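Listed below, chain by chain, are the residues.
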Amino acid sequence: MYPALHDSVSRLLEEDDVSFTFFAIDENKGSIEEYDTNIMGRFKCLNNVCPNAGWASKMIAITIRMYPEQHYNARVYHQCCKDCGSLSQPFSDDSYAQRIAYRLKKWSGIEMDRPSFTVRTSEHRHESALCEGCKHGHCRLSYGVAPLSFRIQGSNTSAEMK
Ligand SMILES: [Zn+2]
Ligand SMILES: [Zn+2]
């Protein structure tokens, strides 16, 4: 979990006069809403002797949860390094705060346009074997649902229309 990013989330929530408190206990128990989605960011292998310089992922699985009395948290799933197998912690970009703020506003009944990102098919590859989200059944790719609000370029739409 990333309580340090709460400020960024709060700032986005303030735009719509919404306010939430970070709930520091990482468990599903007591949550009133739960939502699996994905964010973008970078992983850096924490193993000093590993040659892997790090990797970017657009498919970092996260579970956003809402609790009573305007509390929320989010679990960000780690990925394993493909060179040494160590668990690596992601460093997220702005998409963390954006996704969470969007979801909390939506749960609060605020109408918004759906955010959308464009990802090329080549960037869409996801190594499920290395993804903790997939392992725990909380990665959208583990249950065969295309990641939300990612438009996939280069899919064979024309072939389907024949
Ligand atoms: Zn490594
Ligand atoms: Zn996954």
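Fair warning: this is a prediction, and the values are worked out from it, not measured in the lab.

The rules we used
- All residue numbers refer to position in the chain's written sequence, counted from 1.
- Whichever chain is written first is A, and whichever ligand is written first is 1; the rest continue in order.
- Local features are withheld for residues below a pLDDT of 70 in this predicted model, meaning they are given only at 70 or higher, and side-chain atom pairs are given and counted only at 80 or more; totals for whole chains, interfaces and linings count all residues.
- In computing side-chain values, all of the structure's heavy atoms are included and hydrogens and water are not.
- Only DSSP runs of H or I with at least four residues qualify as helices, and only runs of E with at least two residues qualify as strands; both kinds are numbered from the N terminus onward.
- Per-residue accessibility, obtained with a 1.4 Å probe over protein chains only, is compared with the maximum for each type, and a residue is labelled buried under 20%, exposed over 50%, and partly exposed between these values.
- Throughout, a residue-residue contact means that at least one pair of heavy atoms, one from each residue, lies within 4.5 Å.
- All accessible-area figures derive from a Shrake-Rupley calculation using a 1.4 Å probe, and residue coverage is judged against the displayed protein chains alone.
- Any two rings among Phe, Tyr and Trp, with Trp reduced to its six-membered ring, count as a pair given centres within 6.5 Å; such a pair is stacked if its planes are under 30 degrees apart, edge-to-face if over 60, and tilted if neither.
- Each metal's donors are the N, O and S atoms found within 2.8 Å of it, except that Na, K and Ca use a 3.2 Å limit; water is left out, so coordination can look incomplete.
- In short, tetrahedral needs four donors with all angles between 85 and 135 degrees, square planar needs four and octahedral six donors with opposite donors over 155 degrees apart and all other angles between 65 and 115, and whatever is left is irregular.
- Predictor confidence is given residue by residue as pLDDT, running from a minimum of 0 to a maximum of 100.
- In short, DSSP must find at least two bridges between two strands for them to pair.
- Charge assignment in this entry is limited to Lys and Arg as positive and Asp and Glu as negative, and neither His nor the chain termini are counted.
- Throughout this description, the term salt bridge denotes a Lys or Arg side-chain nitrogen within 4 Å of a carboxyl oxygen of Asp or Glu.
- Pairs of N or O atoms are called polar contacts if they sit within 3.5 Å, as long as, within protein, a hydrogen donor faces a hydrogen acceptor (for residues adjacent in sequence, only side-chain-to-side-chain pairs).

**Comments concerning the overall build of the protein chain**
Here comes step 1: On a plain count of helices and strands, the protein chain comes out with four helices and nine strands.
Here comes step 2: Traced from its N-terminal end to its C-terminal end, the protein chain shows the element sequence α-β-β-β-β-β-β-β-α-β-α-β-α.
Here comes step 3: Split into buried and exposed, the 162 residues of the protein chain put 41% on the buried side.
Here comes step 4: If you take every contact in the protein chain between residues at least 6 apart in sequence, the share linking residues at least 24 apart comes to 68%.
Here comes step 5: Accessible surface, the protein chain: about 9300 Å² in total, of which carbon and sulfur atoms supply 49%.

**With respect to the packing of aromatic side chains**
Here comes step 1: This structure, assessed with the given rule, holds five aromatic pairs.
Here comes step 2: Measuring from centroid to centroid gives 6.0 Å for tyrosine 2 and tyrosine 96, while their planes differ by 70 degrees, and the two rings are edge-to-face. Placement of the pair is tyrosine 2 in the segment before helix 1 (6–14) and tyrosine 96 in helix 2 (residues 95–107), with a sequence separation of 94 residues. For the pair formed by tyrosine 2 and tyrosine 96, the shared burial category is buried.

**Regarding the coordination of the zinc ion (ligand 2)**
Here comes step 1: All of the protein donors around the zinc ion (ligand 2) are His126 (NE2), Cys131 (SG), Cys134 (SG) and Cys139 (SG); their distances to the metal are 2.1 to 2.4 Å.
Here comes step 2: Geometry at the zinc ion (ligand 2) is tetrahedral, judged from its four donor atoms and the angles of 101 to 117 degrees they form at the metal.
Here comes step 3: Here the donor residues of the zinc ion (ligand 2) are spaced in sequence according to H-x4-C-x2-C-x4-C. Side by side, histidine 126 and cysteine 134 carry an identical accessibility label, which is buried.

**What to know about the environment of cysteine 84**
Here comes step 1: Its place among the elements puts cysteine 84 in the loop between strand 5 (79–80) and strand 6 (87–88).
Here comes step 2: Distance from cysteine 84 to asparagine 52, taken between C-alpha atoms, is 8.3 Å for residues 32 residues apart in sequence.
Here comes step 3: Excluding residues that lie within four positions of it along the chain, cysteine 84 makes contacts with Cys45, Asn47 and Cys50.

**Things to note about the confidence of the model for the protein chain**
Here comes step 1: Predicted confidence across the protein chain gives a mean pLDDT of 83, with 81% of residues reaching 70 or more.
Here comes step 2: Across the protein chain, the secondary-structure element scoring lowest on mean pLDDT is helix 4 (residues 157–161), at 30, and the one scoring highest is strand 1 (residues 21–22), at 98.
Here comes step 3: Confidence drops under pLDDT 50 across residues 148–162; counting only partners more than four residues distant or on other chains, this segment forms 30 contacts.

**Looking at the pairing of strand 2 (residues 33–43)**
Here comes step 1: Summarising burial for strand 2: eight of the eleven residues are buried, a large majority.
Here comes step 2: Sheet analysis places strand 2 next to strand 3 (residues 55–67), joined by ten bridges and oriented antiparallel. Within the sheet, the bridge partner assigned to arginine 42 lies in strand 3 and is alanine 56.

**As for the side chain of aspartate 36**
Here comes step 1: Tracing the backbone through its elements, the reader meets aspartate 36 in strand 2.
Here comes step 2: Buried and unpaired, aspartate 36 has no salt bridge, with arginine 140 as the nearest side chain of opposite charge at 6.8 Å.
Here comes step 3: A polar atom in the side chain of aspartate 36 sits 2.8 Å from the side chain of threonine 63.

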